[in-house]
Amino acid sequence: EAQVTQNPRYLITVTGKKLTVTCSQNMNHEYMSWYRQDPGLGLRQIYYSMNVEVTDKGDVPEGYKVSRKEKRNFPLILESPSPNQTSLYFCASSPQGLTDTQYFGPGTRLTVL
Amino acid sequence: GENVEQHPSTLSVQEGDSAVIKCTYSDSASNYFPWYKQELGKRPQLIIDIRSNVGEKKDQRIAVTLNKTAKHFSLHITETQPEDSAVYFCAASKASGGSYIPTFGRGTSLIVHP
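The model shown is predicted, which means the values in this text are computed figures rather than measured ones.

A.B. asks: Got a minute to help me understand the overall build of chain B in this structure?
C.D. replies: In terms of regular secondary structure, chain B is built from 0 helices and 11 strands. Ordered by position from N to C terminus, the α and β elements of chain B give β-β-β-β-β-β-β-β-β-β-β. Computed over its C-alpha atoms, the radius of gyration of chain B comes to 14 Å, within 12% of the 13 Å expected for a compact globule of 114 residues. Dimensions of chain B along its principal axes, counting C-alpha atoms only, are 45 × 30 × 20 Å. Each of the 114 residues in chain B was classed as buried or not, and the buried ones make up 44%.

Structure (structure tokens):
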């Protein structure tokens, strides 16, 4: 089944404790991205990657890191989480080129205390 | 960068009525405009999209119109049903290096009353 998976789905952590949210897709998509969703603010892009070893900042990259060592995986890293990073996070992937449907993962709800 | 404004933020209709959600964008280079539906607790899913060389696209009860001159596009849902209740997001994208970089609107919460 073609899909985007994220883990964990729910996470409660404390300020300053490094964490990683994994994202994997099995559709051989070139493009992957991370969004955060906050009430009233919609979806804001954190980072995106157009291919292996190619990543770039989105609209709200502060406090986040990403890597793209393999085509299928695009982990989101919070080196020192803070309470303002409490949010719902979505990973998404899409094929390169004119077909631009973004396929979203199920979401990760993160709470930073 | 691109700025996408979406209105209204909340829309309440009776079952069977039509619903219209409007978005405006700022970057004239944007050329791909998808609409996503997000049901409560679920992930966003594409429902319809339109490219800048097309003025209107329809898929059953859903249609999207695009006015490139005025830089706005709209989602039209006819004969609304309770299962249409969800948050709808528009987005504007432009090609960059072979892929598209989207900017999303803030979303419209559509409530369809039976």
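A.B. asks: Could you clarify how one ought to interpret the sheet that holds strand S3 (residues 19–25) of chain B in this entry?
C.D. replies: Sheet strands pair via backbone hydrogen bonds, and the direction of the pair is either parallel or antiparallel. All names here are of chain B. Strands sit in the order S1-S3-S8-S7-S6 across an open sheet of 5 strands; the sheet is antiparallel. Both edges of this open sheet fall to strand S1 (4–7) and strand S6 (56–59), since each of them pairs with a single strand only. Along the sheet, successive strands turn relative to each other by an average axial angle of 15°, direction set aside. Relative to strand S8 (residues 72–77), strand S7 (residues 62–67) runs antiparallel, the two sharing 6 bridges.

A.B. asks: Hey, could you run me through the pattern of salt bridges in this one?
C.D. replies: When the charged atoms of two side chains lie near each other, side chains of opposite charge can form a pair. Residue and element names in this part refer to chain A. Considering all chains together, one arrives at 9 salt bridges over all chains under this definition. Here lysine 71 and glutamate 30 are joined by a salt bridge, their closest N and O atoms 3.2 Å apart. With lysine 71 in the loop between strand S7 (65–66) and strand S8 (76–78) and glutamate 30 in the loop between strand S3 (19–25) and strand S4 (31–38), the pair connects residues that are 41 residues apart, well separated along the chain. Assessed through its relative accessible area of 24%, lysine 71 is described here as partly exposed. The exposure class assigned to glutamate 30 is buried, which follows from its relative accessible area of 16%.

A.B. asks: What should I look at first to understand the state of the cysteines in this one?
C.D. replies: Disulfide: a covalent bond connecting the sulfur atoms of a pair of cysteines. Residues and elements named next belong to chain B. For the structure shown, the criterion picks out 2 disulfides over all chains. Two residues share a disulfide in this structure: cysteine 23 and cysteine 90, whose sulfurs sit 2.0 Å from each other. The sign of the S-S torsion, about -100°, decides the handedness of the disulfide formed by cysteine 23 and cysteine 90: left-handed. Here cysteine 23, found in strand S3, pairs with cysteine 90, found in strand S9 (residues 86–96); they are 67 residues apart in sequence, far enough to count as distant. With respect to class, cysteine 23 is no different from cysteine 90; both count as buried.

Calculation rules
Residues numbered from 1 in each chain as written. Chains lettered and ligands numbered in written order. Predicted model: local features only at pLDDT ≥ 70, side-chain atom pairs only at ≥ 80, totals over all residues. Heavy atoms only, no water. Helix = DSSP H or I, 4+ residues; strand = E, 2+ residues; numbered from the N terminus. Rg over C-alpha atoms; globule rule 2.2 N^0.38 Å. Buried < 20%, exposed > 50% of the residue type's maximum accessible area, 1.4 Å probe, protein only. Pairing = 2+ DSSP bridges. Axes fitted to C-alpha atoms, helices over the stretch in contact; angles between N-to-C directions. Salt bridge = Lys/Arg side-chain N within 4 Å of Asp/Glu carboxyl O. Disulfide = S-S within 2.5 Å.

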